[in-house]
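# Observations on the three-dimensional arrangement
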Amino acid sequence: MSYCVNCGVELEPSLKICPLCQTPVNNPKQIPLPSDYKSPFPSESGTVEEVSHKDIRILLSVMLSTTALACLLLNFFIYNSLLWSLPICGISILLWVLLIPFMFPGKVPLWLQLFLDLGGVVLLLSSILCITESSIWFWHLMLPLAFIIFLQAELVAFGVRHLPFSFLIGTLYLNLSAAVICLAINALVSYYRTDHVHITWSAIVLTVCVILSAAQIAVLSRTRLRNIVRKRLHF
Ligand SMILES: [Zn+2]
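Remember, it's a predicted structure, so these values are computed and weren't measured experimentally.

### Remarks on the domain arrangement of the protein chain
When cut into domains, the protein chain gives domain 1 (1-41), domain 2 (54-133) and domain 3 (140-235). Centre-to-centre separation of domain 1 and domain 2, based on C-alpha positions: 58 Å.

Here's what the structure looks like:
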């Protein structure tokens, strides 16, 4: 019987190094092992079978469709004073659409995925519209906002795909997108509440984004400056 001289753990006779602390085993009194001796440890490291995308697809589809169906049945047969199950169906469909990149990796191009995401969002908003008395919020606020965010995302996706891309350019896209989306939210909310477009807080966001974007464009346009920033920030 051998013990590790470093950590004291009991060692299996065939071991040449300690499995815990990697100290070499040196026992001069070790009785030679018979030729047919089999080590209790596996000779190859085991591997865990990867979960297939088909299994993920089936699991997610079953979970989401069952949730929607169960809520529909509960709504129609028991709690039927309001069509509350419609938004839950809308959320289930939207989640399924949002999870397409994980279920079908590399199959759906980004522009199409964004279009499908927009469809899912519009479907969810429509399902909420069915159970609300007023439709102004839908037409004047949420639908235009969804379209503006969709167009912005499509523009960024186009830029990432077809124009030269780097960390600095990515942050520039992010800045400009944040400014446009904040402006849109501010304008739409003010129009929804007062029937007038009144830009307030988003002007501050826009100012900050313009300053940051100007600095980024200056860095991008000067190769020497760009290289210095890259070296300092390690990217
Ligand atoms: Zn040891």
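### Observations regarding helix α7 (residues 201-221)
End to end, α7 covers 31 Å across 21 residues, agreeing with the expected 30 Å (1.5 Å per residue, within 8%). Within α7, the full set of buried residues consists of Ser202, Cys209, Ser213, Gln216, Val219 and Leu220. Projection of α7 onto a plane perpendicular to its axis shows the buried side chains occupying an angular sector of 115°, all on one side. Opposite the buried face of α7, by more than 90 degrees, sit the exposed residues Ile204, Ile211 and Ser221. Where α7 is buried, its residues contact α6 (167-194) and α8 (223-233).

### With respect to the coordination of the zinc ion
Donor atoms from the polypeptide that coordinate the zinc ion comprise Cys4 (SG), Cys7 (SG), Cys18 (SG) and Cys21 (SG), at 2.2 to 2.3 Å from the metal. Classification of the site at the zinc ion as tetrahedral follows from its four donor atoms and the range of 101 to 119° in their angles at the metal. Sequence positions of the residues that donate to the zinc ion give the spacing C-x2-C-x10-C-x2-C. Here Cys18 falls in the buried class, since its relative accessible area comes to 0%.

### With respect to the nonpolar core
Core analysis: the largest hydrophobic core is formed by six residues, namely Leu168, Ile169, Leu172, Tyr173, Val219 and Leu220. Elements represented by at least two residues in this core include exactly α6 and α7. In terms of residue count, the dominant contributor to this core is α6 (four residues). Non-local contacts of Val219, meaning those with residues more than four positions away in its chain, are made with Leu168, Leu225, Arg226 and Val229.

Each value, and the rule that gives it
Residues numbered from 1 in each chain as written. Predicted model: local features only at pLDDT ≥ 70, side-chain atom pairs only at ≥ 80, totals over all residues. Heavy atoms only, no water. Domains from an automatic or database assignment. Helix = DSSP H or I, 4+ residues; strand = E, 2+ residues; numbered from the N terminus. Expected span 1.5 Å × (residues − 1). Buried < 20%, exposed > 50% of the residue type's maximum accessible area, 1.4 Å probe, protein only. Arc of directions from axis to C-beta. Contact = heavy atoms within 4.5 Å. Donors = N, O, S within 2.8 Å, 3.2 Å for Na, K, Ca; no water. Tetrahedral: all angles 85-135°; square planar, octahedral: opposite > 155°, others 65-115°. Core = buried A, V, L, I, M, F, W, Y, C linked by side-chain atoms within 4.5 Å.

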